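# Structure at a glance
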Amino acid sequence: MATTIAQFENVGLRYGTGAETLSDVSFSLDTGGFYFLTGPSGAGKTSLLKLLYLSQRPSRGLIRLFDTDVVTLARDRLPGFRRRIGVVFQDFRLVPHLSTFDNIALPLRVAGVEESELVSPVNEMLAWVGLADRASARPATLSGGEQQRVAIARAVIHRPEILIADEPTGNVDPEMAARLLHLFDALNKLGTTMVVATHDIHLLSRVSNAQMMRLDSGRLADPTGLLRNPPREAGRGRRPKPGA
Amino acid sequence: MIFPFSATPAERRLLTEGRLSGPMPWVIAIMMFLTVLAAASGLALANAARNVTGGIANRITVQIVEANPDLREEQTRAAMAALAAMDGVSHVARVPDEEIDRLIEPFLGTAAEEEGIPVPTMIDADLSEALHAQLGEVEADIAAVAPAARVDDHAQFLAPLAGLIRSLSWLALGLVLLIGSALAASVILAARAALNTHRSTIEVLHLMGATDIQIARLFQRRIALDALFGGAVGFLSAVIVLLLLGQRIGAVGSELLGSASLPWTAWLVLFVLPLAGAVLATLVARFTVIGVLRKML
Ligand SMILES: Nc1ncnc2c1ncn2[C@@H]1O[C@H](COP(=O)(O)OP(=O)(O)OP(=O)(O)O)[C@@H](O)[C@H]1O
Ligand SMILES: [Mg+2]
C-alpha cells in the first residue's frame, strides 16, 4: 500500500485582505509519485507550491507533510522539515556571489556536512547535469539553461524526499526541457516524490504514470475525487513497495 | 564543538564577507575614541576626587593670629602640645616660616618681613576621622591654651571642589553610556542594512533549512570583526592623545592637575573598553538579525 507524503484538506490561502488565491484545495500525494500541476497563469500554482515547501502558511485548512501537521508546526521545527524538501524556484534564486560549485553545495553546508565529505558528491552532481567544466563560474556568467541545471542540481544534492519544481522548463528550449524531464524521471525512479508545476502541455505526456493536477482560479479540478482520495489497492501506486 | 558565536568555515562560504565594508568600522573607531577619552577623564577625575578628599580632608590648619611675637610663639607651642596630646591626632607640624613667607609673598611682597607686619604662625595637623567629627571640641581645647588660635578645616573648603570633581566624573560616565548606546544603535542600522542587502540569499538559505542562529552567526561574525578593527583604531588614537596630554600636564607641574593622573587599574579599564565594544556590537548584531529573521516564516 502506498503511503501518503503530503495531504491538503480544504486549504485556503489569502494574501492580505483580498479574495482567496486558493480555495478549498484538497488532495493527497503518494510517496514516490510523480505529479504535474497545471493551470493558467495566475491560477495559484506557485502559491500552492509555496504552501508545500513551507514558505507560506495557509489561511485555513489542514496540511500534513511527512505525517506531521505543518500548519501549526512551531517555527523552530521548520528547518528540519525544509531540509527534507528540494525546491527548484521559478526564478532559480541562485546566490549571485557564489560559484556553481558553492551554489550546489549550499544545502549540504546548511546541513553541516564536513567540507571533505561534500566535494565528491558535488562534483558528481556537476557531472550529472553536464556542468563539470563550469564549477567555478558565477551564475551571472551562465546561460539560462545552465542556471536552470544548477538550480536543479542544488535542489537534489541532499537527496530530498520530495522535489518541488516550479516551471522548471519555463526558460529553456524544447530539447533542454526534454532532457530535464528525463532527469526528473530518473530521480523519481530513485524514489523521490516529484511535484512539477508547468503549463507546458507537451511535458505531460513524457512521463508515464504521472498524475495530473489542474488549478483554475485557485480551485483544484478533481471531478473523479481521485486526488482527494487516491485509490489504495496494491498496484495502483506508481511504484508499490515489494510485499505491499 | 563550535563556539556558538563563530561560524564554521563551511557556513562562512554562505555569504560574502566584505570586511571593513562601508563606514561601519570608522564609525565604531570614532565612537571608541570618544568613549576612551570620556572614560579616561572620568577615571582621572574620580582618582583626583579620591586624592583630594582622602589625602587632606581630615587635615586642619591652626593659625595663631597674634601681633605680639613672644605671645605668638608661646601660644603656638601650647597649641602644638595640646594637639599632640589628643587621641587621634597622627601628625602635628608647624609650617616653616619660609613657607608662610612664600605663601603670602604674592599678596604682600617681601615688605612684610622688613616692615614687621605680623604674620601668623600655622600648624598642620592630621586628625582621625572620629576626632575630625568632633571638631568643635578640638577647637575649644586649643582655644583654652591659645586664645589667638583659629582653626581652618580643610574638608570645608575642599568639599565644593571634591563635589565638582565627583559630578564631572559622573558626567563622564554618562557620556560613556550615551556613546555606548549610539554605538549599539549604529550596529543595529548596519545589521539591518546588511540583512536587506542579502535578503534574497537569506530567504533561499531559510527555505533550505538554515536556522536563524546559523544565519545570525554569519552577520555577527562580520560585525564583530568590524567592531574589533574600529575599536582598536579608536583605542590606540585615544591612548596617543592621553599620553600627549599627560606630558603637558606633567609640564605644568600643578599639584591639583597632577592628582588627576591615571592609575594602572584605570588603564586596564580603558583597555577593556574596545573589547566590551566588540562584544556589545556582536550581541546587538545577533539580536537584531534574529529579531528580523523571526518575522520571516
Ligand atoms: N505575495 C503575494 N501577495 C499578493 N498576491 C499574490 C502574491 N503572490 C501571488 N499573488 C497573487 O495570487 C495569484 C496567484 O499567483 P501565483 O503566483 O500562485 O500564480 P501561478 O499559477 O503560479 O502563475 P504563473 O503561471 O504565472 O506562475 C495571482 O493573482 C497573484 O497576483
Ligand atoms: Mg507561478
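Here the structure is a predicted model, which is why all the values come from computation and not from measurement.

Looking now at the overall build of chain B. For chain B, the count of helices and strands is 12 helices and 4 strands. Per-residue burial for chain B yields a buried fraction of 41% across its 297 residues. Of the accessible surface of chain B, which amounts to about 15700 Å², a share of 66% is contributed by carbon and sulfur atoms.

A few words now on the sheet that holds strand 2 (residues 89–94) of chain B. Residues and elements named next belong to chain B. Taken in spatial order, the 4 strands line up as 2-3-1-4 in an open sheet, and their pairing is antiparallel. The open sheet has two free edges, formed respectively by strand 2 and strand 4 (149–153), since each of these has just one partner strand. The sheet shows a mean angle of 20 degrees between the axes of neighbouring strands, taken without regard to direction. Both strand 1 (residues 59–64) and strand 3 (residues 121–127) contribute to a ladder of 6 bridges, which runs antiparallel. If you follow Arg59 over to strand 3, its bridge partner there is Asp126.

A separate point is unusual backbone geometry. Residue and element names in this part refer to chain A. Backbone geometry places Asp24, a non-glycine residue, at a positive phi of 50 degrees. Relative to the helices and strands, Asp24 is located in strand 2 (residues 22–30). For Asp24, a relative accessible area of 34% gives the class partly exposed. Positive phi is not limited to glycine here, since Arg93 has a value of about 55 degrees. If you trace the backbone, Arg93 turns up in the loop between strand 6 (85–88) and helix 3 (100–110).

This next bit is on the UniProt feature "transmembrane region" (unreviewed entry) in chain B. All names here are of chain B. Here, UniProt's "transmembrane region" (unreviewed entry) annotation points to residues 168–191, 223–246 and 266–293. Helix makes up 100% of residues 168–191 and strand makes up 0%, while its end C-alpha atoms are separated by 34 Å. Secondary structure across residues 266–293 divides into 100% helix and 0% strand, with the first and last C-alpha atoms of the span separated by 40 Å.

What follows deals with the interface of chain A and chain B. Across the boundary between the two partners, chain A contributes 23 residues, which contact 22 residues of chain B. Note on chain A versus chain B: buried area summed over both sides is about 2100 Å², and carbon and sulfur give 62% of it. Across the contact surface, chain A and chain B share 2 salt bridges. One salt bridge connects Arg93 of chain A with Glu203 of chain B, and the closest N-O pair in it is separated by 3.8 Å. Between the two partners, chain A and chain B, sit 7 residue pairs in polar contact (both at pLDDT 80 or more). Ranked by residues supplied to the side of chain A that touches chain B, first place goes to helix 3 of chain A with 5 residues. Along the lines of polarity and charge, the residues of the side of chain A that touches chain B split into 11 nonpolar, 3 polar and 9 charged.

What follows is about the coordination of the magnesium ion (ligand 2). Metal coordination angles have textbook ideals: 109.5 degrees for a tetrahedral set of four donors and 90 or 180 degrees for an octahedral set of six. Residue and element names in this part refer to chain A. Around the magnesium ion (ligand 2), the donor atoms from the protein are Thr46 (OG1) and Gln90 (OE1), and they sit 1.8 to 2.6 Å away. You can see Thr46 sitting in helix 1 (residues 45–52) and its partner Gln90 sitting in the loop between strand 6 and helix 3, a full 44 residues away along the chain. In this structure Gln90 comes out as partly exposed when scored by relative accessible area, which is 38%.

Attention now moves to the pairing of strand 3 (residues 34–38) of chain A. In the case of a regular strand, side chains alternate between the two sheet surfaces. All names here are of chain A. Among the 5 residues of strand 3, 5 are classified as buried, and the element is accordingly described as predominantly covered. Here strand 3 shows no split at all, with Phe34, Phe36 and Thr38 on one side and Tyr35 and Leu37 on the other all buried. Bridge count between strand 3 and strand 8 (residues 193–197): 4 bridges; the pairing is parallel. Within strand 8, the position partnered with Phe34 by the bridge is Met194. In the sheet, strand 3 pairs with strand 9 (residues 211–216) via 4 bridges, with the strands oriented parallel. Bridge pairing links Thr38 to Arg214 in strand 9.

A few words on the site of ligand 1. Residues and elements named next belong to chain A. Taken together, 13 residues are adjacent to ligand 1, and Ser41, Gly42, Lys45, Thr46 and Ser47 come closest. A distance of 2.5 Å separates an oxygen atom of ligand 1 from a polar side-chain atom of Ser41. In the model, an oxygen atom of ligand 1 is placed 2.7 Å from a nitrogen or oxygen of the Thr46 side chain. If ligand 1 stood free it would expose 630 Å²; the protein chains cover 58% of that surface. In terms of residue class, the shell around ligand 1 is built from 3 nonpolar, 8 polar and 2 charged.

Before going further, it helps to spend a moment on the sheet that holds strand 4 (residues 60–65) of chain A. All names here are of chain A. Across the sheet, 4 strands lie side by side as 2-1-4-5; this open sheet has antiparallel pairing. Of all the strands in the sheet, the pair left with one neighbour each is strand 2 and strand 5 (68–69). When strand 1 (residues 4–13) meets strand 4, the two strands line up antiparallel, connected through 5 bridges. Counted as the bridge partner of Phe8 is Ile63 from strand 4. Where helix 1 meets the sheet, its contacts fall on strand 1, strand 2 and strand 4, and the angle it forms with strand 1 comes to roughly 125 degrees.

All names here are of chain A. When the terminal C-alpha atoms of helix 4 (residues 115–128) are compared, their 20 Å separation across 14 residues agrees well with the 20 Å that a helix rising 1.5 Å per residue should span. Where helix 4 is concerned, the buried positions are Leu118, Val122, Met125 and Leu126. Mapping the buried residues of helix 4 onto a view down its axis gives an arc of 100 degrees, with all of them on the same face. Residues of helix 4 that are exposed and angled more than 90 degrees away from the buried face: Ser116, Glu117 and Glu124.

The next point concerns the pairing of strand 4 of chain B. Residues and elements named next belong to chain B. Only one face of strand 4 is buried, namely the one carrying Ala149, Val151 and Asp153, since none of Arg150 and Asp152 on the opposite face is buried. Pairing between strand 1 and strand 4: 5 bridges, direction antiparallel. When the sheet's bridge partners are listed, Thr61 is paired in strand 4 with Asp152.

All names here are of chain A. Among the nonpolar cores identified, the biggest contains 40 residues, and Phe36, Ile104, Val122, Leu163 and Phe184 are the most heavily contacted of them. At the level of secondary structure, the elements contributing two or more residues to this core comprise strand 3, helix 3, helix 4, helix 5 (144–156), strand 7 (162–166), helix 6 (174–189), strand 8 and helix 7 (201–204). Tallying contributions element by element places helix 6 first for this core, with 7 residues. Excluding residues within four positions of it along the chain, Phe36 makes contact with Leu181, Val196, Thr198, Leu203, Leu204, Val207, Ala210, Gln211, Met212 and Met213. Membership of the second largest hydrophobic core comes to 38 residues, among which are Val25, Phe89, Leu215 and Leu220.

The rules we used
Residues numbered from 1 in each chain as written. Chains lettered and ligands numbered in written order. Predicted model: local features only at pLDDT ≥ 70, side-chain atom pairs only at ≥ 80, totals over all residues. Heavy atoms only, no water. Helix = DSSP H or I, 4+ residues; strand = E, 2+ residues; numbered from the N terminus. Buried < 20%, exposed > 50% of the residue type's maximum accessible area, 1.4 Å probe, protein only. Areas by Shrake-Rupley, 256 points an atom, 1.4 Å probe, with all protein chains shown as cover. Pairing = 2+ DSSP bridges. Axes fitted to C-alpha atoms, helices over the stretch in contact; angles between N-to-C directions. UniProt positions renumbered as here; feature names shortened; annotations may be inferred. Contact = heavy atoms within 4.5 Å. Buried area = accessible area lost by both parts, 1.4 Å probe. Salt bridge = Lys/Arg side-chain N within 4 Å of Asp/Glu carboxyl O. Polar contact = N/O pair within 3.5 Å; in protein donor to acceptor, adjacent residues only side chain to side chain. Nonpolar A, V, L, I, M, F, W, Y, C, P; charged D, E, K, R; others polar. Donors = N, O, S within 2.8 Å, 3.2 Å for Na, K, Ca; no water. Near = heavy atom within 4 Å. Expected span 1.5 Å × (residues − 1). Arc of directions from axis to C-beta. Core = buried A, V, L, I, M, F, W, Y, C linked by side-chain atoms within 4.5 Å.

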